[in-house]
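In case you want the letters, here they are:
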Amino acid sequence: MKKNILQAYKQAPWRVQLQYIGLFLLGLVLVSAIMGVYLSISSQAATAGRRIQGLEDDMDEINNEIAALTTTLAEKTSTKAMQTRAEAMGFKLMNVNQAVYLEIPGFNPNEDLVLAPPRVNVVVEAPILREAYRTTLWDWFMEQIWDVSTGFSQDDQEVSP
Amino acid sequence: MNPPFYRRYVIITIICAILATAVVIQMVRINYTTYANDLIAVSANYQGIQTIIYPARGTIYDRSGHILATNKIGYEVGIDLKLVSDPESIASAAADLSETLDYATVFEIANKEKLETGENRYFVLTSYVSEEKIIALMELNETYKARRLETNSGTPNLNGLVWYPMQQRAYPEGSLASNVLGFYNYFSRESAQGVHGVEEAYNHLLTGLPQKVFLPNDPYLVEALPNADPGANLILTIDREIQMMLEETLSGAIEWSGAENGTIIVADPETGEILGMASTPSFDPNHYENYLITFPGNTPYNRAIGTTYEPGSVFKVITMAAALDTGVVDPTTVYNDASGVFWVDGLPIYNWDGGAWGEQTMLGCMQHSLNVCLAHVAVDELGQDLFYQYLQAFGFGRSTGIDLSGEANFPLRLPSDNQWVKLDLATNSFGQGIAVTPIQMVTAISAIANEGKMMTPHVVKSVQEGDDQIQFTPQVISSPVSAETAQTLTEMLTISLEEEASTALVPGYRVAGKTGTGEIPTEFGYTTNQTNASFVGWGPSDDPKFIVYVWLEKPTISQWGSEVAAPVFHDVVEQLVVLMRIPPDNVRLGSNQ
């Protein structure tokens, strides 16, 4: 009579231990990787925060410097300062009899001071149909992808030194 | 059977569990303890600072773009309590930074952390400290540092006394146009605001919108600060060259005439733009702490708009304009001043010299400034209804609406008022018994120089806000007389000056004008030897580009406007035509033809 013999197999204990160790190390590597990424992002965020504060301070400093320089310039070109300088250079105030008038076509001595363009009424053309009714699903999908990718690239630009 | 080291594992596990439980219990306990709120409040102080961002105040330019008011660097000085270790030295150093600070106050603040835990850790001591004072503080800090090294001790030191730059108002032209500009009262940053003049009238535009922000210490929470848009910039109608000329001329005129005070206004009658406005007293707004010294009591900041007075004969221009416009007289109408007196309700009106001038045309009446003639025109020709209708049409009795703060107005006494008597009609006709401001006179008489159209006087030409510039359009208040009347009266007053050989005349230029000598009312009646001398004139007569009003208060050299104010008008116009680039009539009319 023929006997059916079943061979029982079992992993060697050292192999099992090795697998456990491997799994543990894999978990450790994953956790370390996540922690590393987290730390990296955190440090970048903190650096960006400090950088924002630094840039705000720089802006304040520059604005103050501009204000100080503007005041200095205004003081140096004030009426009295200019008159004193002109007199020191030998100029004298002209009287009515010394004035010679020439007609210069196109010259307007009383032209209005322009610091900025005049305010204009901008007519905004509002579309009759909303965007949602005019876009195909594919267009919308591509647009979302485009928006997300541009958002990422802009973030990168802002963070990079 | 338990594996080896089983008990050790169990013990370690139990210890860890106990520790974790203790931590959790402590966390819960801290949150529910009675000190929790205090701890949270204290921690809030370390999370950051709540502060207000003040946008830069707008710049004020003259009409050519020269800066009249701008900002420079000042400093905010405060105490950072967590760094303070020597409150005595801080109190001693900071006590002199501002008039509001003293040793005791600063010491109390600097010592606060030791006294009261939980206090805010940053205190603002004072704002707008000058750069010089900050440099002195820095030098003191260095001296203390050297002394500490020498003595090898921790005191004296200024640790915790901090300063931050900020913007502070500056007036690069000093006192020039200060009566028009007003000043910025930055005594306290929170309550700082414009006072008087343009600074007050346009405070809302110049200030911008302060923003309250939280500045966190945690870098993860830091965000870009919101944009605090700076205040709007103002471009004035004032020309700084003209303004300086007016102020110098006025100063010279007051010195020469012995007048107590004075005012000169130059305006463009076509647009109502004020080209220059000088008034006394004036001061340097960079040192506005001297305000009460320069303007004690009820002294008006700008007499040109803030003081009413009886103008005298310059007012005859208004009476004659009304009479010509209604057609009751024309320039050739003759009035016979036989007695030199005009009776109203049994009361006499006399001429300025008390004499009788015989037959006079209306031109002669204006030329010789005859009170009797003008009283006759108002009482007998115009009548009370028409006369006061015209006065109201010329804007008397109400503000002109000039865009400066502090405009005064004296109500016009009308026939419908109980206090009005018929004598008022007669005296009002030559500028007595009626109170006006110089700017009211300029506005009203501008109508004669501008074909009958009266323009709103204004000092702001345009406003620049953000990327836009908004131009102010000249506005017509009313048209009290016709263009024909205005031209006729201008010609009459031009001829009257020429025939009189007035000291107001400027060679090469035809100008129209009228003198005024107003008696000053007191509680005992009108004064006899103290007067208000004035002159109003405009030119060139054929196409007026300027109107000049001169008022000298109580001159001592002479009481007559023709002798005191007319020469000042001459001096002003002689320089004004050069500054405004107005050629003499022969050149101008020759080139136009």
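On to the overall build of chain B, then. The number of helices and strands found in chain B is 20 helices and 22 strands. Computed over C-alpha atoms, the radius of gyration of chain B comes to 35 Å, more than 25% over the 25 Å expected from 2.2 N^0.38 for 593 residues, which places it beyond the range of a compact globule. Counting the 593 residues in chain B, one finds 47% classified as buried.

All names here are of chain B. The omega torsion of the bond from T155 to P156 falls at -5 degrees, within 30 degrees of zero and hence cis. Here P156 is to be found in the loop between α6 (131–151) and β5 (161–170). At the junction of G539 and P540, the peptide bond is cis and its omega measures out at -15 degrees in the coordinates. Following the sequence through the fold, P540 ends up in the loop between β21 (525–539) and β22 (546–553). Phi at S369 is positive, roughly 55 degrees, even though this residue is not glycine. Topologically, S369 is positioned in the loop between α14 (362–367) and α15 (371–393). A residue is classified by how many C-beta atoms lie within 10 Å of it, and S369, with 25 of them, is buried.

Attention now goes to the domain arrangement of chain B. All names here are of chain B. For chain B, the assigned domains are domain 1 (52–236) and domain 2 (240–285 + 300–460 + 473–592). The C-alpha centroid of domain 2 is placed 48 Å from the C-alpha centroid of domain 1. Contributions of two or more residues to the side of domain 1 that touches domain 2 are made by α7 (178–181), α8 (197–201) and β9 (233–236). Here the side of domain 1 that touches domain 2 is built from residues that sort into 11 nonpolar, eight polar and three charged.

The subject of this paragraph is the packing of helix α17 (residues 438–449) of chain B against helix α18 (residues 483–500) of chain B. All names here are of chain B. Following both chains from N to C, one finds α17 and α18 inclined at 95 degrees, their axes separated by 7 Å at the closest point. For the element pair α17 / α18, the angle class is roughly perpendicular. Taking contact as the criterion, the partners of A447, I448 and A449 in α17 are, on α18, A486, L489 and T490. Its residues placed into classes, the contact of α17 with α18 shows five nonpolar, one polar and no charged.

Contacts between the two partners involve 39 residues from chain B, matched on the other side by 30 residues from chain A. Contributing elements (two or more residues each) for the side of chain B that touches chain A: β3 (67–80), β5, β9, α10 (240–257), β18 (468–471), α19 (561–579) and α20 (585–592) of chain B. Of the residues forming the side of chain B that touches chain A, the biggest block, five residues, is contributed by β3 of chain B. Grouping the constituent residues of the side of chain B that touches chain A by class yields 20 nonpolar, 10 polar and nine charged.

Attention now goes to the packing of helix α13 (residues 316–326) of chain B against α18 of chain B. Residue and element names in this part refer to chain B. Axis separation between α13 and α18 bottoms out at 9 Å; the angle between their running directions is 130 degrees. Classed by the angle they form, the pair α13 and α18 counts as oblique. Between α13 and α18 the crossing geometry is right-handed. The residues of α18 that touch α13, namely those facing V317, M320, A321, L324 and D325, are T485, T488 and L489. In terms of residue class, the contact of α13 with α18 is made up of five nonpolar, two polar and one charged.

Next up on the list: the pairing of strand β17 (residues 460–465) of chain B. Residue and element names in this part refer to chain B. Counting buried residues along β17, five of its six residues qualify, which places the element largely inside the surrounding structure. Sheet topology places β9 next to β17; four bridges connect them, and they run antiparallel. Bridging across to β17, L236 finds its partner in V460. Examined bridge by bridge, β17 and β18 share four bridges and lie antiparallel to one another. Residue pairing in the sheet places V463 in a bridge with I470 of β18.

Residues and elements named next belong to chain B. Positionally, T280 belongs in the loop between β11 (273–279) and α11 (291–294). Between the C-alpha atom of T280 and that of E260, which follows or precedes it by 20 residues, the distance is 8.9 Å. Residues within four places of T280 in sequence aside, it is in contact with L250, I254, N261 and G262.

The subject of this paragraph is α15 of chain B. All names here are of chain B. Its 23 residues give α15 an end-to-end C-alpha distance of only 22 Å, which falls more than 12% under 33 Å, the value for a rise of 1.5 Å per residue. If you look at α15, its biggest bend is around 105 degrees, right at L382. Looking one or two residues beyond α15, the residue adopting positive phi is G395, at roughly 90 degrees.

What counts, and where the lines are drawn
- Residues numbered from 1 in each chain as written.
- Chains lettered and ligands numbered in written order.
- Predicted model: local features only at pLDDT ≥ 70, side-chain atom pairs only at ≥ 80, totals over all residues.
- Helix = DSSP H or I, 4+ residues; strand = E, 2+ residues; numbered from the N terminus.
- Rg over C-alpha atoms; globule rule 2.2 N^0.38 Å.
- Buried ≥ 20, exposed ≤ 12 C-beta atoms within 10 Å, placed from the backbone.
- Domains from an automatic or database assignment.
- Nonpolar A, V, L, I, M, F, W, Y, C, P; charged D, E, K, R; others polar.
- Axes fitted to C-alpha atoms, helices over the stretch in contact; angles between N-to-C directions.
- Parallel < 35°, antiparallel > 145°, perpendicular 65-115°, else oblique.
- Contact = placed C-beta atoms within 7 Å.
- Left-handed = near helix turned anticlockwise from the far one by under 90°.
- Pairing = 2+ DSSP bridges.
- Expected span 1.5 Å × (residues − 1).
- Bend = angle between axes of the 7 residues up to and from the residue.

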